[in-house]
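# Analysis of the macromolecular model
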Amino acid sequence: MVAQFIHRAPQRAHTATPLLAFIAGEFAEVIARVWPAPHSEFFALPAARRHAVAMLVSGRRQREMAPSELRRLVEFQRDPIVAEAIAGAHATDLMRALSKAGEQLWRVSDYQTFADLLPEPMANEVVRHLDEVRPASFAPIAALPPALRMAPVVRAVPSDRAASDLARAFRIAVRMRQDDAAPRLARRWGAGGSTADVFRRAIEDLTPDAFRPADPAPALREPFMRVTTRKQLEATALEFRNCLADHAQRIAEGRMAVYVWRGHVPAAIALNWDVAGWRLAEAKAADNVDLEEGRLRELARYLETFGVRMGPSVQALVSRLDDWANGANYCHQPGPTFIEQLVLGDLWT
């Protein structure tokens, strides 16, 4: 969207000064076209107005406007009119929030995250009451599910990484119960207290209310073939040259299910059972070669139709929640990519 706005701006030879490049970052080029060097009028704008410019040129505007109209808007119109041009019906207190956004402009993605929080009443209220409205401050709010975007939880979450773990725990805790359990769990987790209090409640609720044995393994259709005997398991381990035979006891006990996925690239698939149900634990071609992302996405979509979940085991997640509760850092958190979020290879939990 920024590139489109640059294209529509007057094509004169305007170059951003080093100071503008420092303050405006990836917005410097388009701002230099609207406010030519030395950019005095832009620098004279209050911080809230400068952030409003960034939101407007990154596509956060209620209607199309020419660069000259944008300049008149942010230089001369009252705050409510500027806010309405950005957020429409969700403009209340927007400019007050942007006044706490700092002198440097954010990244385009940060404005997108911020804008996505505005329509949600609880998130909007928490954002408006932040002492500083910066990406590091509201990223944890965005990482939480809507039900947990309340002040007692936000105050207890030390980072967006911690919020991501708490969000995953909430989804799993609800999954263990009925969908109508979400409001009850949210009230319980948001009852206040320290970081340790909130994360320990989450750990407690990752134990189901009622205990039950493992469900039958999913009945996957062709081109999947389930391994159901020791002879089949040994043959599969030999064909794929892997260590699946080491898990014979877990398979026999019904806590692991192994399948061969025939196709262009044959693969061995392992599902594990834990208190949240069946999850994808491993998917490898022969010689433990990783599958391509497209193939893994295809697999994930198919397995999800059978109720199989993706991501870490409950035990691994509990260990990370315990780290957050105790201010420790013993457990590795998966990275942000699709493949990293699958947490494949966690076969023993």
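Overview of the structure. Along each chain, residue indices are assigned from 1 in the same order as the chain's sequence is written. Local features in this predicted model are restricted to residues of pLDDT 70 or higher, and side-chain atom pairs are both shown and tallied only at a pLDDT of 80 or more, whereas totals for entire chains, interfaces and linings draw on every residue. Hydrogens and waters are ignored; side-chain quantities use all the structure's heavy atoms.

Our focus in this paragraph is the overall build of the chain. Looking only at helices and strands, one finds 20 helices and five strands in the chain. For 349 residues, the compact-globule estimate of 2.2 N^0.38 gives 20 Å, and the chain exceeds it by more than 25% at 26 Å. In terms of principal-axis extent, the alpha carbons of the chain reach across some 80 × 50 × 35 Å. A burial count over the chain gives 49% of its 349 residues as buried. Only heavy atoms matter for contacts: two residues are in contact if any of them lie within 4.5 Å across the pair. Long-range contacts, defined here as pairs at least 24 residues apart, represent 64% of the contacts in the chain between residues at least 6 apart. The accessible surface values rely on the Shrake-Rupley method and a 1.4 Å probe; as for residues, cover is taken only from the protein chains in view. Of the roughly 17400 Å² of accessible surface on the chain, a fraction of 53% belongs to carbon and sulfur atoms. Under the counting rule used here, the positive set is Lys and Arg, the negative set is Asp and Glu, and His together with the chain ends is not counted. Taken as the charge centre is NZ of Lys, CZ of Arg, CG of Asp or CD of Glu, depending on the residue. Counting 44 positive and 42 negative side-chain charges, the chain places the centres of these two groups 2 Å from one another. Helix and strand assignments come from DSSP, with helices taken as H or I runs of at least 4 residues and strands as E runs of at least 2, each series counted from the N terminus. Based on C-alpha atoms, the radius of gyration is set beside the globule rule, defined as 2.2 Å times the residue count to the power 0.38. Each residue gets one of three labels from its accessible area relative to the maximum for its type: buried under 20%, exposed over 50%, partly exposed in between, using a 1.4 Å probe on protein chains only.

With respect to the helices and strands, Arg149 occurs in the loop between α11 (135–143) and α12 (151–156). In this structure the side chain of Arg149 is engaged in a polar contact, spanning 2.9 Å, whose partner is the backbone oxygen of Ile141. Two N or O atoms form a polar contact when they lie within 3.5 Å of each other; inside protein one atom must be a possible hydrogen donor and the other a possible acceptor, and for residues adjacent in sequence the pair counts only when both atoms belong to side chains. One polar contact links the side chain of Arg149 to the main-chain carbonyl oxygen of Leu144, over a distance of 2.9 Å. In contact with Arg149, not counting residues within four places along its chain, are Leu117, Glu120, Met122, Ala123, Val126, Ile141, Ala142 and Leu144.

What follows is about the sheet that holds strand β1 (residues 224–227). For two strands to count as paired, DSSP must find a minimum of two bridges between them. The five strands lie next to each other as β1-β2-β3-β4-β5, forming an open sheet whose pairing is antiparallel. The sheet terminates laterally at β1 and β5 (289–290), the two strands that pair on one side only. By the bridge criterion, seven bridges tie strand β3 (residues 267–274) to strand β4 (residues 277–285) in an arrangement that is antiparallel. By the bridge assignment, Asn272 is partnered in β4 with Arg279. Structural elements are reduced to axes, namely lines fitted to C-alpha atoms, with helices fitted over the stretch in contact, and the angle between N-to-C directions of any two is expressed from 0 to 180 degrees. Lying over the sheet, helix α16 (residues 230–240) contacts β1, β2 (256–261), β3 and β4, oriented at roughly 125° with respect to β1.

Attention shifts here to the pairing of β2. For β2, the buried fraction is high: six of the six residues fall into the buried class. On β2, burial covers both faces: Met256, Val258 and Val260 on one face and Ala257, Tyr259 and Trp261 on the other are all buried. The pairing of β1 with β2 spans four bridges and is antiparallel. Paired with Arg226 across the bridge in β2 is Tyr259.

Turning to empty space enclosed by the protein, a few remarks are in order. A cavity, in this analysis, means grid points on a 1 Å lattice covering only the protein atoms where a 1.4 Å probe fits yet has no way out; a pocket is instead an open set bounded by protein on both sides within 12 Å along at least five of seven lines, and a residue lines either one if it has an atom within 4 Å of a point. Grid points are joined across faces, edges and corners, and a volume is the space filled by probe spheres set on the points. With the rule as written, the count across this model stands at one cavity of 30 Å³ or more. A volume near 40 Å³ is recorded for the largest cavity. Lining the largest cavity, in full, are Thr92, Asp93, Leu94, Ala97, Leu118, Asn124, Val127 and Arg128. Of all the elements, helix α10 (residues 121–128) adds the most residues to the lining of the largest cavity, at three residues. Of the residues assigned to the lining of the largest cavity, the class counts are four nonpolar, two polar and two charged. The residue classification treats Ala, Val, Leu, Ile, Met, Phe, Trp, Tyr, Cys and Pro as nonpolar and Asp, Glu, Lys and Arg as charged. All others, Gly included, are polar.

Where empty space is left becomes clear once a probe the size of a water molecule has been rolled over the atoms. By volume, the largest pocket is sized at about 340 Å³. Surrounding the largest pocket, 15 residues form its lining, Ala143, Asp160, Arg161, Ser164 and Gln341 being those nearest its centre. When contributions to the lining of the largest pocket are tallied by element, the ones reaching two or more residues are α11 and α13 (160–176). Sort the elements by how many residues they give to the lining of the largest pocket and α13 lands first, with six residues. Tallied by class, the residues present in the lining of the largest pocket amount to five nonpolar, four polar and six charged. Together, Met176, Arg177, Pro208, Asp209, Ala210, Phe211, Arg212, Trp273, Asp274 and Val275 line the second largest pocket. A per-class count over the lining of the second largest pocket returns six nonpolar, no polar and four charged.

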